Structures are given as C-alpha cells and as structure tokens.
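Given next are the chains, with one letter for each unit.
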Amino acid sequence: MGDVWQTIWQGDAISRSVALLLLAMSVASWVVILWKGWLLRSATREMQTAVAAFWQAGYLDEAQQRLNHFDSRRWVLPLLEAARTIEQAAPQTLAAAGDRSQQLTRVLRDALHQVLHRLQYGQVLLATVGSTAPFVGLLGTVWGIYHALTAIGEGGNFRIEQVSGPVGEALVMTAAGLAVAIPAVLAYNVLGRQIARIEADLEGFARDLRELLVHSEAAP
C-alpha cells in the first residue's frame, strides 16, 4: 500500500489532486460520522429525560425551569419558548392574527424546523461524498490507464510488464473511491433513521404541547 501511494504521489498534478481529494472526502465524512453519532445518541438521551421532566412539572414556569436544567443542548426547550412567545405578541399584527390554536401551530412549526435543521447538519456532506467519491476514483483510474497506454505508444515496444503495474495502480483509485463512498452511504442511512425517530418524537411533543396550551386557555 505504501508503494502504491508513493507511486500515486509521484504522478502528475491530476493524479495527486484526485488522491488528495479522496483523502479529504474520507477525513471529512469520518469526522461527520463520529460527531453525528455522538450527537444523536446524546440528543436521544436528553430528549427522553427532558420530556419526562416537563410532564412531571406542575405548571409551565416549573416546566421551563426543568427544561433549562435537563435540556442543556436545547432540543425541546425551543418549542416551549416559542409557544410562550405568543403571549407577548403585539396586538394588531400578523403574529397575533388567528386564534390561539393557529398561532401555536405557526410558532411551534418554526421552532421545530430550527431544531431539525441542527439534526440534519452534515447529512448533505455524507450524501455528496457517497454519491461522488466512486466517480472521483474512476477519474483517477481512467487518467492512470491513459498515461500507461500513452507510455506504451511512445515507446513502441509492448510488454505486459509495462501495463500490469501502472494499470493495477490506477485501479487502486477505483477501490479508494469505493472505500470512501461506502462508509458515507451506510452512515447516511443509519443516521437518517435515527434523525427520523428523533423528529417523530419532537413532532409528538409539539403536538401534545399545542393541545395542552389550547385546552388550558379554554378551561374555566
């Protein structure tokens, strides 16, 4: 492997650029994979604890204090804060238009989208690496084979040894592209399922919170 990378590094600018690009894509995807794996596990634990603490509170102020303590990364707290902002909405404005149910739906939707945007961060990079890395590796392969055939044509004397080494080393670029892409694709799918589960939990909490606040206002 060391000889292969040494040969690639001794190639022209395009060969080195392809190798460096694959290396950068691999490093970036693994950083995102490890970071997001930790983030989603932490988010799942904090959300379960924070939601349980919220429903054990006796009133909204106490519930917000509990979330401030248990929801340090603010997965659930933004929903409650957004729901309580309608109490300060200026009258005769679009923010105060509609009944309380419509206002809650609007602010909770916006807060939920902001939280989900944080959860989705990095997924685009994994999808991009997974879809483009094989083609980047194929570019390096085609370029290496082209140079091998060009060298044979210039020499005018064909021997199998002239082709087997350069072509084999060029094919390594295809394998490198697949080695970069496969972990990114697998991580994208696994992390995407975890994000979908967290999203479902957040949507359920937002719906329950909306019903709680609507009914608390209607109660005598």
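Our subject is the structure that appears above.
Residues numbered from 1 in each chain as written. Predicted model: local features only at pLDDT ≥ 70, side-chain atom pairs only at ≥ 80, totals over all residues. Heavy atoms only, no water.

Trainee: When you look at the pattern of salt bridges in this model, what are you seeing that I'm missing?
Mentor: Using the criterion set out here, one finds 6 salt bridges in the structure. Glu-46 is paired through a salt bridge with Arg-73; the nearest N and O atoms lie 3.7 Å apart. Of this pair, Glu-46 sits in helix α2 (residues 13-55) while Arg-73 sits in the loop between α3 (60-70) and α4 (77-84), and the two are 27 residues apart along the sequence. (Salt bridge = Lys/Arg side-chain N within 4 Å of Asp/Glu carboxyl O. Helix = DSSP H or I, 4+ residues; strand = E, 2+ residues; numbered from the N terminus.)

Trainee: Before we go on, may I ask you to explain the side chain of Arg-84 in this structure?
Mentor: Among the structural elements, Arg-84 can be located in helix α4. For Arg-84, a relative accessible area of 18% translates into the label buried. A polar atom in the side chain of Arg-84 sits 2.8 Å from the side chain of Asp-61. Side-chain polar atoms of Arg-84 contact the side chain of Gln-64, separated by 2.9 Å. Every residue in contact with Arg-84, bar those within four places of it in the chain, is listed here: Leu-60, Asp-61 and Gln-64. (Buried < 20%, exposed > 50% of the residue type's maximum accessible area, 1.4 Å probe, protein only. Polar contact = N/O pair within 3.5 Å; in protein donor to acceptor, adjacent residues only side chain to side chain. Contact = heavy atoms within 4.5 Å.)

Trainee: Looking at this structure, how should I read the packing of α2 against α3?
Mentor: For any two helices packed against each other, one specifies the inter-axial angle together with the distance between the axes. Taken N-terminus to C-terminus, the directions of α2 and α3 make an angle of 160°; their axes are 8 Å apart at the nearest point. By the angle between their directions, the pair α2 and α3 is classed as roughly antiparallel. Here the hand of the crossing between α2 and α3 comes out right-handed. Taking contact as the criterion, the partners of Glu-46, Thr-49, Ala-50, Ala-53 and Phe-54 in α2 are, on α3, Leu-60, Ala-63, Arg-66, Leu-67 and Phe-70. Residues of the contact of α2 with α3, tallied by class, amount to 7 nonpolar, 1 polar and 2 charged. (Axes fitted to C-alpha atoms, helices over the stretch in contact; angles between N-to-C directions. Parallel < 35°, antiparallel > 145°, perpendicular 65-115°, else oblique. Left-handed = near helix turned anticlockwise from the far one by under 90°. Nonpolar A, V, L, I, M, F, W, Y, C, P; charged D, E, K, R; others polar.)

Trainee: In this structure, what is going on with a nonpolar patch on the surface? I would like to understand it.
Mentor: Taken together, Leu-20, Leu-23, Val-27 and Val-31 make up a surface patch of nonpolar side chains, about 360 Å² in accessible area. Checked against the element boundaries, Leu-23 lands in helix α2. (Patch = residues over 30% accessible without salt bridge, like charges linked within 9 Å, V, L, I, M, F, W, Y side chains within 5 Å. Areas by Shrake-Rupley, 256 points an atom, 1.4 Å probe, with all protein chains shown as cover.)

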